[in-house]
Amino acid sequence: MEPETWVVSSVVARCSDVRCFWFLHFSLLTVADRRSSWIAVSLPVPKNYQHILALAFAIQEINKDPQLLPNITLGFRIYEENQYASMAQDVSLSLLSSRGKFFPNFKCDIQDNLLSILGGLNSRISYQMATLLGNFKISQLGYRFSDPVLRDKTQFPTFYQIDPQYHLQNAAIVRLLLYFQWNWIGVVVQRSESSDHFIQIFNTTLAQYDICVQFAKQILNQISLFNELHNDQVDVLWTILNNDAQVVIISGDSNTLQNLIAALYIYEEENQTTTGKVWILTTQWEFSAIGYHYDWVKLKTLHGALSFTVHTNPVPGFKDYLWALNPHEPHGDVFLPGWWEVVFDCQVLKAGVGSPDGQRVCTGEENLDTLPASLFDGKMTGFSYSIYNAAYSVAHALHQLESQWALKRGGKKPHFYLSVKPWQVTLISFPSVSFSETGMKYAGFDILNWIVFANMTILRQKVGWVDMEVPSAESYSINPNAIVWANQTKPFSRCVEHCLPGQVRKVAEGRPICCYECISCPEGTISNQTDAPRCDPCPEDQYPNKEKDQCIAKKTHFLAYQDTLGYTLVCLTLSLSMITMAVLAIFLKHRDTPIVKANNRDLTYILLVSLLLCFLCSFLFIGQPGKITCLFQQSAFAILFSLAVSSVLAKTVMVVLAFMATKPGNKTRKLLGKPLTNSIVIACPLVQALLCAIWLVTSPPFSNLDFHSLVEEVILECKEGSTSMFYTVLGYLGFLALISFTVAFLARKLPDSFNEAKFITFSMLVFCSVWITFVPTYLSTKGKSMVAVEIFSILASAAGLLACIFFPKCYIILLRPQLNSHTFPLTQLRRSISLTRIK
């Protein structure tokens, strides 16, 4: 028994004197019908013939594949469709009838069962066909040109797109515009039912990236003959030439390109000039679809243009298939002889027959390599590749149906081809291509640069690629050095100049977003790119440079020993410490003199030692703050000063009590002595120590980085932790000083040459003045200045105590020793002796 063979036929072509669009139509034929696999109403023009060859090559490969559809032979039929939509309906109805008859939905035979259709190649024709074929659930692989109606899967569930989805192409165009920093463009589209929608969607996409459309024009599908322009073409041409957008995107079918080329060529010839604009052509353009009869001199207007084409993978064997074509052996290809005659300008005659009009006779040995790409492209173009994949998609769908059929019948598949229904042919994925719900998926777009040479030969050179379905970091590659521009240099297509780094765009009210002003970034912010939409703040540890185009790391700010201020304070601290130790040494050396005895030696030693430690505690505030130094610097300062002030208070109280004890009948003498002084010296600092302990336990001081107080520096500081505790400790110290000052002030007029109440009054006046001034100064400074203020207050207050209390005594001891001797008049030493006894 002869193997079961059947034919799935497929292509419908739209052919006229200037163009040819085609569809794919699958129908079942018997072996006897295989001779009808090439059927046409009229010859195509050259521009679409390669697409027909791509389909024929795909069918041939499928038939040779023993694994895909064994014992099944596919074929195809090609139909012509003219410019009238009614013709598309007629063809669609004929496909639903028996061959040669016109009775839709009535099949008089089982040998011509329609399965799938490829077509048509514009939105109007596709819509007409889908409206009719959708009722019969016949899968249609068409070209929709972003028609919003055909995207509705509820209305057209069996319509599939064979060109890339328009939103991917729009995104690819945006990527190209952003790469070259073009944001002021024009758009020209073919006028159709969906052109308004296309412009609206495209504008929305561009606006998301701050790209403005200066003008958007629609051009009619009219052909210019005899170098005469239609009014529509004149209007589009005037708009292009009288706007400053140097980049123009053109979208539509190939005839629209012809119209624009013709209009531009006429203008350039009449004015002896070139527009110099960059034309960006979408994937709808087929380079070889402009027409074999077109005057290619006019194509010089496209010099420097950039075009998108669907990325194609190499198809093994396709070139060999093309080079094996022979017009004398067409193998049923009724188009081949006529096409051969057109492209090689010869006549295909029988062997030995000469041309009656003397025209050159085609030998069949003509070389396809000699044909310009504008007539014939030796490699599979983007759209041919789509047709090739569409044919394979249907073949794989049939293969899946056949496998399912055999599985249900235990491996037997008799009369499978008689049972296949159109709605069972659901397009599926296969290794080289896949379909989504909205259409075929593609591996990106190639970017081609059109170079027109002086001899009118044209080179379309690949200069990059874009794939919007991969991560953005890997989505494109462009080689700008390989691009040849119309005016030798990349055009400037912007409404305004670039905003430099350090500036931000500001759009004036009522102007397009692309026509902006450039203003400097606000303080604390930068922009490190041109045309920055906003200024970004620097990180906390950085600050803007003067140009505000980059962030600089902040320096760490603290009172270091190497700083002039720090060095000065260290020297001052050491000097005062040395002076204090010198005073202590003087008092120790002259400890048995009346003036030392009269001032209570133990309290004097405690006061001098506490003042020395107060001076030395300044070192806790100098240098880089650490965890330990921050923890103890304020506590040490507070306790030591409390000890010093307590000593002064004890000395003041003892002076007052001593003079009061000399009065007859006064009982204060019993209070005099070491117990009272020790109680004052121990109890007062102990209260301060208790407050500091509570502070350290509840909310201790800590080291902190202040990023905001200074612009160019990070302040490394010690924070108080609990501010209330800090001022409580400081307030207690002030309380002790106030009591000492009050007591000393009341005792300042007591008689006696050695009465130091006056000196204590002045010392406490200096002490209180320093710390009263300290509070507002401390709060109004930051960083190292704040630390320096506290150190200076410590040194100044301690120095005030040292100077006011001890310098007069040192003066007497060192320079007036006669006043510090036992020969001094008794009346002047009586009080001193009394104090000595008290001691």
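Quick caveat: nothing in here was measured; it's all calculated off a predicted structure. (Residues numbered from 1 in each chain as written. Predicted model: local features only at pLDDT ≥ 70, side-chain atom pairs only at ≥ 80, totals over all residues. Heavy atoms only, no water.)

## Overview of the overall build of the chain
Then comes step 1: A tally of helices and strands in the chain yields 20 helices and 23 strands.
Then comes step 2: Counting all 839 residues of the chain, 53% fall into the buried class.
Then comes step 3: In the chain, once contacts between residues fewer than 6 apart in sequence are set aside, the share between residues at least 24 apart is 69%.
Then comes step 4: About 37,900 Å² of surface is accessible on the chain, with carbon and sulfur atoms providing 58% of the total. (Helix = DSSP H or I, 4+ residues; strand = E, 2+ residues; numbered from the N terminus. Buried < 20%, exposed > 50% of the residue type's maximum accessible area, 1.4 Å probe, protein only. Contact = heavy atoms within 4.5 Å. Areas by Shrake-Rupley, 256 points an atom, 1.4 Å probe, with all protein chains shown as cover.)

## Here we look at the packing of helix α12 (residues 564-589) against helix α19 (residues 784-815)
Then comes step 1: Remark: α12 packs on α19, axes separated minimally by 10 Å, with the N-to-C direction vectors making an angle of 25 degrees. Considered as vectors, α12 and α19 are oriented roughly parallel to each other. Considering only the axes of α12 and α19, their crossing is left-handed. Where α12 abuts α19, its residues Leu-565, Leu-569, Leu-572, Thr-573, Leu-576, Ile-579, Thr-580, Val-583, Ile-586 and Phe-587 lie against Lys-784, Ala-788, Ile-791, Leu-795, Ala-799, Leu-802, Phe-806, Phe-807, Lys-809, Cys-810, Ile-813 and Leu-814.
Then comes step 2: By residue class, the composition of the contact of α12 with α19 is 18 nonpolar, two polar and two charged. (Axes fitted to C-alpha atoms, helices over the stretch in contact; angles between N-to-C directions. Parallel < 35°, antiparallel > 145°, perpendicular 65-115°, else oblique. Left-handed = near helix turned anticlockwise from the far one by under 90°. Nonpolar A, V, L, I, M, F, W, Y, C, P; charged D, E, K, R; others polar.)

## Notes on the sheet that holds strand β14 (residues 476-478)
Then comes step 1: Taken together, eight strands build an open sheet; the order of strands is β8-β7-β9-β10-β11-β12-β13-β14 and the sheet is mixed. Each edge of the sheet is formed by a strand with only one pairing partner; in this case those strands are β8 (212-219) and β14. Adjacent strand axes in the sheet meet at a mean angle of 25 degrees when their direction is disregarded.
Then comes step 2: In terms of strand pairing, strand β9 (residues 247-251) meets strand β10 (residues 278-281) through four bridges, oriented parallel. Note on β10: the bridge partner recorded for Val-247 is Val-278. (Pairing = 2+ DSSP bridges.)

## Some remarks on the pairing of strand β7 (residues 184-190)
Then comes step 1: With seven of its seven residues buried, β7 lies for the most part within the structure.
Then comes step 2: With burial as the criterion, each face of β7 is covered, one bearing Trp-184, Gly-186, Val-188 and Gln-190 and the other bearing Ile-185, Val-187 and Val-189.
Then comes step 3: Where β7 lies against β8, seven bridges are found, and the strand directions are parallel. Note that in β8 the partner of Ile-185 across the bridge is Val-213.

## A look at the sheet that holds strand β23 (residues 713-719)
Then comes step 1: Spatially, β21-β23-β22 is the arrangement adopted by the three strands of the open sheet, whose pairing is mixed. The sheet terminates laterally at β21 (555-557) and β22 (702-706), the two strands that pair on one side only. Strand-to-strand twist of the sheet, defined as the mean angle between neighbouring strand axes without regard to direction, takes the value 25 degrees.
Then comes step 2: Two elements, β21 and β23, share three bridges in a ladder whose sense is parallel.

## Considerations on the confidence of the model for the chain
Then comes step 1: Within the chain, residue pLDDT values average 77, and 75% of them lie at 70 or more.
Then comes step 2: Taken together, the stretch residues 1-45 has pLDDT below 50 and engages in 207 contacts with residues farther than four places along the chain or on a different chain.
Then comes step 3: Considering only residues more than four positions removed or in separate chains, one finds that residues 824-839, a stretch of pLDDT under 50, has 27 contacts. (pLDDT = per-residue confidence, 0-100.)

## Things to note about the pattern of salt bridges
Then comes step 1: By the definition in use, this model includes nine salt bridges.
Then comes step 2: Notably, a salt bridge pairs Glu-366 with Arg-360, separated by 3.4 Å at the nearest N-O pair.
Then comes step 3: Of the residues examined, Glu-366 reaches a relative accessible area of 14% and is grouped as buried.
Then comes step 4: The class of Arg-360 is partly exposed, set by a relative accessible area of 42%.
Then comes step 5: The closest approach of N and O atoms between Asp-536 and Arg-534, which form a salt bridge, is 3.2 Å.
Then comes step 6: Using a relative accessible area of 35% as the deciding quantity, one classes Asp-536 as partly exposed.
Then comes step 7: Judged by relative accessible area, Arg-534 falls into the exposed class, the value being 55%. (Salt bridge = Lys/Arg side-chain N within 4 Å of Asp/Glu carboxyl O.)

## Comments concerning the state of the cysteines
Then comes step 1: Counting across every chain of the model gives seven disulfides.
Then comes step 2: Two residues, Cys-212 and Cys-514, share a disulfide whose sulfurs are 2.1 Å apart. Handedness here is read from the sign of the S-S torsion; for Cys-212 and Cys-514, about 100 degrees, the answer is right-handed. Here Cys-212, found in strand β8, pairs with Cys-514, found in the loop between β15 (503-507) and β16 (516-520); they are 302 residues apart in sequence, far enough to count as distant.
Then comes step 3: Residue Cys-514 is classed as buried on the basis of its relative accessible area of 1%.
Then comes step 4: The disulfide partner of Cys-346 is Cys-362, and the gap between their sulfur atoms is 1.7 Å. (Disulfide = S-S within 2.5 Å.)

## Concerning the packing of aromatic side chains
Then comes step 1: Across all of its chains, the model carries 25 aromatic pairs by this definition.
Then comes step 2: Taken together, a centroid distance of 5.3 Å and an interplanar angle of 50 degrees make the contact between Phe-57 and Tyr-321 tilted. Of this pair, Phe-57 sits in helix α1 (residues 49-64) while Tyr-321 sits in helix α8 (residues 318-323), and the two are 264 residues apart along the sequence. Side by side, Phe-57 and Tyr-321 carry an identical accessibility label, which is buried.
Then comes step 3: Here the aromatic residues Phe-637, Phe-641, Trp-695, Phe-726, Tyr-727, Phe-767, Trp-771, Phe-774 and Tyr-778 are joined through ring pairs into a cluster of three or more.
Then comes step 4: Taking NZ or CZ as reference, Lys-319 lies 5.3 Å from the ring centre of Trp-323, over its face.
Then comes step 5: Its end group placed over the ring of Tyr-516, Arg-505 keeps NZ or CZ at 5.2 Å from the ring centre. (Phe/Tyr/Trp six-rings, centres within 6.5 Å; stacked < 30°, edge-to-face > 60°. Lys NZ or Arg CZ within 6 Å of the ring centre and 35° of its normal.)

## A few points about the UniProt feature "transmembrane region" (unreviewed entry) in the chain
Then comes step 1: Per the UniProt annotation, the sites labelled "transmembrane region" (unreviewed entry) are residues 565-588, 603-623, 635-659, 680-698, 725-747, 759-779 and 791-814.
Then comes step 2: Along residues 565-588 the backbone is 100% helical and 0% strand, and the end-to-end C-alpha distance reaches 34 Å.
Then comes step 3: A distance of 33 Å separates the end C-alpha atoms of residues 725-747, which is 96% helix and 0% strand. (UniProt positions renumbered as here; feature names shortened; annotations may be inferred.)

## What about the pairing of strand β13 (residues 458-466)?
Then comes step 1: Bridge analysis of strand β12 (residues 445-452) against β13 gives eight bridges, and the strand direction is antiparallel. Bridge pairing in β13 places Ile-447 opposite Gly-464.
Then comes step 2: The pairing of β13 with β14 spans three bridges and is antiparallel. When the bridges of β14 are listed, Trp-465 appears paired with Ser-477.

## Quick notes on the packing of α1 against helix α10 (residues 382-408)
Then comes step 1: For the pair α1 and α10, the least separation of the axes is 8 Å and the interaxial angle reads 30 degrees. Judged by the inter-axis angle, α1 sits roughly parallel to α10. The interaxial crossing formed by α1 with α10 has right-handed handedness. Between α1, through Gln-50, His-51, Ala-54, Leu-55, Phe-57, Ala-58, Glu-61 and Ile-62, and α10, the contact on the second element is made entirely by Phe-383, Ser-384, Ile-387, Tyr-388, Ala-391, Tyr-392 and Ala-395.
Then comes step 2: Class assignment of the residues belonging to the contact of α1 with α10 gives a composition of eleven nonpolar, three polar and one charged.

## Digging into the nonpolar core
Soluble globular proteins tend to bury their nonpolar side chains together.
Then comes step 1: With 67 residues, the main nonpolar core has Phe-587, Phe-637, Phe-641, Phe-767 and Phe-806 as its most contacted residues.
Then comes step 2: Residue assignment for this core shows that the elements contributing at least two residues are α12, α13 (594-598), α14 (601-616), α15 (627-661), α16 (674-698), α17 (723-746), α18 (757-779) and α19.
Then comes step 3: When sequence neighbours within four positions are dropped, the list of residues in contact with Phe-637 reads Cys-617, Phe-621, Leu-730, Leu-733, Trp-771, Glu-790 and Ile-794.
Then comes step 4: Listed in part, the 51 residues of the second largest apolar core include Leu-69, Ile-72, Leu-74 and Ile-162. (Core = buried A, V, L, I, M, F, W, Y, C linked by side-chain atoms within 4.5 Å.)

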